[in-house]
Amino acid sequence: MSYYLKTQIGEKMSKIFALTISFLLLSSFAFSQDLEKVKLDCFSYSLEEPTKKVEEVINSIDQFTDNNCNQFNFGINRNVVWIKIDAQELEGFKEPILTLNSAAIDYVNLYAVKRDSVTNHQSIGRLVANVEEEIDSHKLYFSLSEKEKEADYLLIKLENSDKKIFISTLVEASDFGDFQDFEFVLFALLTGVFIGLFFYNLFLYFSVKDNIYFVYVVHTLLAWLAQASILGFTQFLFWPDWDWMNLRSIVLFSSLVSIVGILFLKMFLSTSKFVPTLDKGFNFIFLVYAFILSNALIFSITLSYQVLLVTQSIVVLYVLFVAYSVLKKGFRPARYYLLAWSVFMIGIFLFVSSEMGLIPTNEFTAYIMPFGSALEVVLLSFALADKINILKKEKEEEQAQRLQVLKENENLIREQNSLLEEKVKLRTDELEQALRNLQNTQSQLVNQEKMASLGQLTAGIAHEINNPINFVSSNITPLKRDVKDIMEVIEFYRKSGNNEFAPETLKAAKRLEEDLELDYVLDEVDQLLRGMEDGAKRTVEIVKGLRLFSRVDEQDVKKVDLHDGLNSTLILLNSTIPGKIRIVREFGELPMVECLAGKINQVFMNIINNAVHALSDHIDQIADPKITLRSRAYQEHVVIEIEDNGPGMPEHVKQRIFEPFFTTKAVGKGTGLGLSIVYSIIENHKGTLEVETEEGKGTTFIITLPIYQNTPNYGS
């Protein structure tokens with residue numbers, strides 16, 4: 001049978017079942033609205049010994065207990081229940097019929113009592129023989145005559161070997177047929193569901209030859225017999241005069257359906273494979289059911305029924321736990337079984353609780369078992385169909401695997417060649433990757449070597465420049481002093497000449513001053529001296545910066561003033577920084593920090609240079625371009641922040657800026673190694689380098705360096 005066909009059948013069955021439930025609910029509502037009936041909720045009762053006669057009961061009628069209109073279940077015991085119903089309940093009925101909700105009662109005797117005397121007596125029950133019924137019905141009922149209507153009260157004696165539940169209704173004889181049609185329709189529809197599932201799975205059994213379908217078919221049949229016995233239809237249809245079976249049918253079929261249901265569970269969920277320890281527990285449960293059956297066949301029905309109710313309550317929980325344990329093992333069909341058994345468990349618990357008097361007994365609890373059992377059977381059928389689909393899928397996968405093996409054998413040579421080519425390609429890719437890594441390492445080494453050479457060259461230049469500039473800077477001060485003395489002598493001569501020179505000599509001197517522009521020359525000499533002094537100072541600062549920055553090749557850790565490194569970096573970059581960019585220093589007090597000064601200066605150089613480029617590329621778009629340098633000290637480390645208010649970076653660029661050879665600059669303007677080397681330097685100093693950036697809001701590099709690298713902090 002195809003998967004599509006099985007799916008269609010399952011969907012149709014589920015729709016039929018849903019329509020059945022909807023129809024039953026609507027029918028129940030319709031009957032309750034249209035029929036003239038009275039439910040006898042309020043009465044008084046007494047539990048007596050079976051040997052007590054009706055006359056003795058009438059004499060002690062005042063000792064009856066009121067049921068408070070909510071007591072209908074009188075337990076499972078050997079006592080006889082006497083029910084007193086006020087005859088006033090019959091008023092308004094022409095031909096009243098008193099019907100009992102349960103058909104599973106052994107003996108029911110009705111006495112019409114007037115002036116403490118019995119005026120009429122009727123007997124019914126599943127064990128009462130030769131009862132002439134005016135209306136053919138599966139229910140137990142009394143047709144009440146004028147004697148019952150004229151009586152003071154009605155006395156009902158209820159004897160039963162198992163449960164003693166008294167739920168009764170008064171209905172007109174003309175409406176009794178419609179009244180019982182509800183249960184006929186209910187039973188007919190449920191029977192239709194069971195028959196459909198029975199023959200559907202019987203057909204599957206003969207098709208696939210799987211014993212689990214045969215067990216399911218037997219389970220479906222026994223489930224129907226159990227529910228038919230509870231509703232009283234087995235006695236009505238099959239053995240109306242077989243008292244022995246009428247007395248035991250509920251216990252027998254309920255026990256048998258449980259046994260077969262457990263066998264189905266063991267086969268369906270493969271409990272011996274998935275949960276072998278829990279599987280052994282079913283052996284004990286089988287022994288309990290064997291005791292229930294043997295005791296019901298030979299000894300006490302009452303005891304068997306009591307044990308059955310307790311056993312059913314325990315078994316449903318145990319089965320639920322077993323199904324859940326199998327589901328946890330990864331066996332997917334256990335889902336449907338768990339759902340089906342959960343629905344059935346709810347029905348079992350409500351039914352058993354009502355039978356044992358733990359919850360109120362009403363029409364809902366009376367019909368919950370048929371509904372729960374039918375839904376369980378339907379869901380189990382779905383579970384079987386799902387299992388077929390799984391087995392079919394596994395078989396198809398197995399066939400596909402075999403076909404794949406054949407294809408693999410046929411194409412073995414080509415696949416081997418392809419595999420070799422892939423291995424060669426993979427090996428080539430690995431070699432290329434190794435080559436790229438080697439090139440990266442080589443580039444970094446070359447760059448470091450270049451920086452070391454640059455440091456040596458810078459140190460040499462700084463040293464060579466330092467000697468002559470020292471001559472210049474050291475001679476400027478005495479030169480200024482000497483020039484000042486000469487200017488004082490000249491001024492003295494000018495003043496003395498005005499008083500002592502002859503007019504002709506004075507005129508010649510004046511003419512010479514004018515020809516030489518003496519006043520201008522004196523001012524120019526002063527300006528030249530100041531320019532020489534400023535240039536010497538700037539040259540000294542540049543030489544100092546070169547000497548600080550040139551320590552890139554140092555390999556010894558020394559205590560360094562980081563502010564000097566920042567200032568020297570700014571001096572060296574001064575010619576490349578546009579005048580519009582402001583440099584803001586927000587320096588705190590920093591201790592001397594142990595580090596490789598040249599390496600740290602290289603870090604400052606790369607980061608500040610990047611900030612300058614970022615601002616220069618967008619200098620016309622930023623109102624106040626600036627680079628802010630901050631420093632602050634903590635107990636064990638210092639923090640340097642280099643911030644610019646440039647365009648910032650998008651997130652995908654931020655994630656890659658420390659990768660070797662990654663650059664956002666134009667081709668030929670950057671190697672992509674700067675920040676990679678910076679990150680390595682900071683990492684080697686046991687520090688951290690973080691970046692905070694957002695598009696349109698600038699970028700901040702945060703450098704954290706420990707104060708001590710190797711020397712312990714004795715001061716702390």
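All of the points below concern the structure found in this document. The model shown is predicted, which means the values in this text are computed figures rather than measured ones.

**Things to note about the packing of helix 9 (residues 276–298) against helix 10 (residues 301–328)**
Between helix 9 and helix 10, the shortest axis-to-axis distance is 10 Å and the interhelical angle comes to 165°. One element, helix 9, and the other, helix 10, form an angle in the roughly antiparallel class. Regarding helix 9 and helix 10, the two cross each other, and that crossing is left-handed. Considering only residue class, the contact of helix 9 with helix 10 consists of 17 nonpolar, six polar and no charged.

**As for the pairing of strand 7 (residues 107–114)**
Consecutive side chains along a regular strand alternate between the two faces of the sheet. Taking burial as the measure, the eight residues of strand 7 include six buried ones, the bulk of the element. As paired elements, strand 7 and strand 8 (residues 117–124) share seven bridges and run antiparallel to each other. From the neighbouring strand, Lys-114 faces strand 8, where its bridge partner is Ser-117. What sits between the antiparallel neighbours strand 7 and strand 8 is a turn of two residues, in which Arg-115 has the positive phi angle 55°.

**Some thoughts on the environment of Tyr-205**
By secondary structure assignment, the location of Tyr-205 is in helix 4 (residues 173–208). Through-space distance from the C-alpha of Tyr-205 to that of Val-215 is 9.4 Å; in sequence the pair is 10 residues apart.

**Comments concerning the packing of helix 17 (residues 597–617) against helix 19 (residues 674–684)**
Close contact between helix 17 and helix 19 brings their axes to 9 Å; oriented N to C, the two are set at 145°. In the crossing of helix 17 with helix 19, the sense of the turn from one axis to the other is left-handed. Taking contact as the criterion, the partners of Lys-599, Ile-600, Gln-602, Val-603, Asn-606, Ile-607 and Asn-610 in helix 17 are, on helix 19, Gly-674, Leu-675, Ile-677, Val-678, Ile-681 and Ile-682. Here the residues of the contact of helix 17 with helix 19 are counted per class, giving eight nonpolar, four polar and one charged.

**Here we look at the nonpolar core**
Counting 57 residues, the largest nonpolar core has Leu-269, Phe-282, Tyr-289 and Val-326 as its most contacted members. For this core, the leading source of residues is helix 7 (residues 243–268), giving 13 residues. Judged by nonpolar contacts, the second largest core, of 41 residues, contains Cys-595, Leu-615, Val-653 and Ile-703.

**With respect to the packing of aromatic side chains**
Under the counting rule described, the total for this entry stands at three aromatic pairs. Residues Phe-43 and Phe-166 carry aromatic rings whose centres are separated by 5.3 Å and whose planes lie at 90° to one another, so their mutual orientation is edge-to-face. On the criterion of sequence distance, the pair formed by Phe-43 in the loop between strand 1 (37–39) and strand 2 (44–48) and Phe-166 in the loop between strand 11 (163–165) and strand 12 (168–172) is long-range, its members being 123 residues apart. Ring centres of Phe-282 and Tyr-318 lie 5.4 Å apart, and the angle between their planes is 80°; on these two criteria the pair is classed as edge-to-face. You can see Phe-282 sitting in helix 9 and its partner Tyr-318 sitting in helix 10, a full 36 residues away along the chain. Its relative accessible area of 0% is what places Phe-282 among the buried residues. Sitting over the ring of Tyr-153, Lys-84 keeps its end group 5.0 Å from the ring centre.

**A closer look at the pattern of salt bridges**
Enumeration over the complete set of coordinates arrives at 11 salt bridges. Note that Arg-582 is salt-bridged to Asp-624, the shortest N-O span being 2.7 Å. Of this pair, Arg-582 sits in strand 14 (residues 582–587) while Asp-624 is found in the loop between helix 17 and strand 16 (626–633), placing the two residues 42 residues apart along the sequence. Look at Asp-624 and you get partly exposed, because its relative accessible area is 33%. In this structure, Lys-697 engages Glu-694 in a salt bridge whose closest nitrogen and oxygen atoms are separated by 3.8 Å. Residue class for Glu-694 comes out partly exposed when judged on its relative accessible area of 43%.

**Some details on the state of the cysteines**
Tallying each qualifying case throughout the model produces one disulfide. With its sulfur 1.8 Å from that of its partner, Cys-42 forms a disulfide with Cys-69. When the S-S torsion is 110°, as for the bridge of Cys-42 with Cys-69, the disulfide is right-handed. Of this pair, Cys-42 sits in the loop between strand 1 and strand 2 while Cys-69 is found in the loop between strand 3 (65–66) and strand 4 (73–76), placing the two residues 27 residues apart along the sequence. For Cys-42, a relative accessible area of 39% translates into the label partly exposed. Assessed through its relative accessible area of 36%, Cys-69 is described here as partly exposed.

**Looking at unusual backbone geometry**
Backbone geometry places Asn-68, a non-glycine residue, at a positive phi of 55°. Following the sequence through the fold, Asn-68 ends up in the loop between strand 3 and strand 4. Even without glycine at this site, Lys-686 takes up a positive phi of about 60°. The residue Lys-686 is located in the loop between helix 19 and strand 18 (688–693) in this model.

**Quick look at the sheet that holds strand 3**
One open sheet accounts for six strands, arranged 3-2-5-10-7-8; its pairing is antiparallel. The open sheet has two edge strands, strand 3 and strand 8, and neither has a second partner.

Conventions adopted
- Residues numbered from 1 in each chain as written.
- Predicted model: local features only at pLDDT ≥ 70, side-chain atom pairs only at ≥ 80, totals over all residues.
- Heavy atoms only, no water.
- Axes fitted to C-alpha atoms, helices over the stretch in contact; angles between N-to-C directions.
- Helix = DSSP H or I, 4+ residues; strand = E, 2+ residues; numbered from the N terminus.
- Parallel < 35°, antiparallel > 145°, perpendicular 65-115°, else oblique.
- Left-handed = near helix turned anticlockwise from the far one by under 90°.
- Nonpolar A, V, L, I, M, F, W, Y, C, P; charged D, E, K, R; others polar.
- Buried < 20%, exposed > 50% of the residue type's maximum accessible area, 1.4 Å probe, protein only.
- Pairing = 2+ DSSP bridges.
- Contact = heavy atoms within 4.5 Å.
- Core = buried A, V, L, I, M, F, W, Y, C linked by side-chain atoms within 4.5 Å.
- Phe/Tyr/Trp six-rings, centres within 6.5 Å; stacked < 30°, edge-to-face > 60°.
- Lys NZ or Arg CZ within 6 Å of the ring centre and 35° of its normal.
- Salt bridge = Lys/Arg side-chain N within 4 Å of Asp/Glu carboxyl O.
- Disulfide = S-S within 2.5 Å.

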